[in-house]
Amino acid sequence: MISAAEALARLKEGNRRFVIGERKLDTGLSHAERAAAARNQSPFAIILGCSDARVPAEVVFDQGLGDLFVIRVAGNIVSPSQVGSVEFAAQRFGTQLVVVLGHTQCGAILATLEAVRDQADHPENVLTIVERIRPSVQTLLELRPRAGEDELIRHAVRANVRASLDHLRHGSALLEDLIRKGRLSILGAEYSLETGQVEFFQT
């Protein structure tokens, strides 16, 4: 299994190709490639990203079948099932890099702002997502009472990614152990819908 540093380099290079429109991969796969992927997988990175239709990780990072273990949920939140999915991939495949991928103009962030301000009546199941994002948004509203909507959303996206990072780093004995042994790195990232670029950050 490749190291976290090499995995990160592959993601950065893939995103660079995506941004300039020189994708390496053909959308079609040969029968032999599909057959090989059916027999086993060895994803070099785990991506916990948002369900937004504009942020497909395999496309954004220009990767193919079997390259990425992708977990998608609105707002890139972390609940027990997401933690379990990361644990599964890290333990089963030995994947050493996890990236929590947020993005600009996140609808789940906007929905949370609406809920905090009592401006919307969201369905019960949507509220389970909103409530996981709420602490990050609530804190921002208190710290930046005069901030404009765009500024709040921009900062809330990063704050929400950081909250998910913290949950993964400290909410699983297995992941904590792998991190302590130097066998797992967990990073944050933000995808720009406007430019196509992914910016990685540590905290």
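In case you missed it, the structure is sitting above this.
Residues numbered from 1 in each chain as written. Predicted model: local features only at pLDDT ≥ 70, side-chain atom pairs only at ≥ 80, totals over all residues. Heavy atoms only, no water.

Peer 1: Could you clarify how one ought to interpret the overall build of the protein chain in this entry?
Peer 2: Looking only at helices and strands, the protein chain has eight helices and five strands in total. Each helix and strand of the protein chain, placed in order from N terminus to C terminus, yields the pattern α-α-β-α-β-α-β-α-α-α-α-β-β. A globule of 203 residues ought to have a C-alpha radius of gyration of about 17 Å, and the protein chain, at 17 Å, matches this closely. Along the first, second and third principal axes, the C-alpha atoms of the protein chain reach 55 × 40 × 30 Å. Looking at the 203 residues of the protein chain, the share that counts as buried comes to 44%. (Helix = DSSP H or I, 4+ residues; strand = E, 2+ residues; numbered from the N terminus. Rg over C-alpha atoms; globule rule 2.2 N^0.38 Å. Buried < 20%, exposed > 50% of the residue type's maximum accessible area, 1.4 Å probe, protein only.)

Peer 1: Help me out: how do you make sense of the nonpolar core in this one?
Peer 2: Note that soluble globular proteins tend to have their nonpolar side chains buried in a common cluster. Counting residues in hydrophobic clusters, the biggest one holds 38 residues, and the most contacted among them are Ile-46 and Leu-168. Within the residue set of this core, elements represented by two or more residues are strand S1 (45-49), strand S2 (68-72), helix H4 (80-93), strand S3 (97-103), helix H5 (107-116), helix H6 (124-143), helix H7 (149-170) and helix H8 (173-180). Per element, the largest residue contribution to this core is eight residues, and it comes from H7. Residue contacts for Leu-168: discarding those within four places in its chain leaves Leu-48, Val-78, Val-83, Val-86, Val-98, Val-100, Leu-175 and Ile-186. Leu-11, Ala-45, Leu-187 and Ala-189 belong to the second largest nonpolar core, which has 21 residues in total. (Core = buried A, V, L, I, M, F, W, Y, C linked by side-chain atoms within 4.5 Å. Contact = heavy atoms within 4.5 Å.)

Peer 1: Help me out: how do you make sense of the environment of Phe-44 in this one?
Peer 2: Structurally, Phe-44 can be placed in the loop between helix H2 (31-39) and S1. We classify Phe-44 as buried; its relative accessible area is 3%. Here the alpha-carbon distance between Phe-44 and Arg-10, two residues 34 residues apart in the chain, equals 9.0 Å. In contact with Phe-44, other than residues within four places in its own chain, are Met-1, Ile-2, Ala-7, Arg-10, Leu-11, Gln-63, Asp-67, Leu-68, Thr-95 and Leu-97.

Peer 1: Please clarify how the packing of H5 against H7 should be interpreted in this entry.
Peer 2: Two numbers describe a pair of packed helices, the interaxial angle and the distance between the axes. Where H5 contacts H7, the axes come no closer than 10 Å and their chain directions differ by 115°. Judged on the interaxial angle alone, H7 and H5 are roughly perpendicular. Classified by chirality, the crossing of H7 by H5 is right-handed. Residues Ile-109, Leu-110 and Leu-113 of H5 touch H7, and the partners they reach there are Glu-149, Ile-153, Ala-156, Val-157 and Asn-160. (Axes fitted to C-alpha atoms, helices over the stretch in contact; angles between N-to-C directions. Parallel < 35°, antiparallel > 145°, perpendicular 65-115°, else oblique. Left-handed = near helix turned anticlockwise from the far one by under 90°.)

Peer 1: Please explain the side chain of Asn-15 as it appears in this structure.
Peer 2: For Asn-15, the position within the fold is in helix H1 (residues 4-20). At 3.2 Å, the side chain of Asn-15 and the backbone oxygen of Val-60 are in polar contact. Setting aside its immediate chain neighbours within four residues, Asn-15 contacts Val-60, Phe-61, Gly-196, Gln-197 and Val-198. (Polar contact = N/O pair within 3.5 Å; in protein donor to acceptor, adjacent residues only side chain to side chain.)

Peer 1: Explanation requested: the pattern of salt bridges in the structure shown.
Peer 2: Opposite charge on two side chains makes pairing possible when the charged atoms of those side chains draw close. Under the definition given, this model contains 13 salt bridges. Measuring nitrogen to oxygen at the nearest pair gives 2.8 Å for the salt bridge that ties Glu-149 to Arg-117. One end of the pair, Glu-149, is in helix H7; the other, Arg-117, is in the loop between H5 and H6, with 32 residues separating them in the sequence. Residue classification places Glu-149 among the partly exposed positions, given a relative accessible area of 32%. What makes Arg-117 partly exposed here is its relative accessible area of 29%. Its salt-bridge partner being Lys-181, residue Asp-177 comes within 3.0 Å of it at the nearest N-O pair. On the basis of relative accessibility, which here comes to 21%, the residue Asp-177 falls in the partly exposed class. Each of Glu-13, Arg-16, Arg-17, Arg-23 and Asp-62 takes part in salt bridges that share partners, so that together they form one network. (Salt bridge = Lys/Arg side-chain N within 4 Å of Asp/Glu carboxyl O.)

Peer 1: Mind showing me how you'd approach the pairing of S1 here?
Peer 2: Regular strands have side chains that alternate between both faces of the sheet. The buried fraction of S1 amounts to five of the five residues, a majority that puts the element mostly inside the structure. Pairing analysis gives five bridges linking S1 to S2, with the strands arranged parallel. Counterpart to Ile-47 in the pairing with S2 is Val-70. With four bridges connecting them, S1 and S3 associate as parallel partners. Bridging from a neighbouring strand, Leu-48 pairs with Val-100 of S3. (Pairing = 2+ DSSP bridges.)

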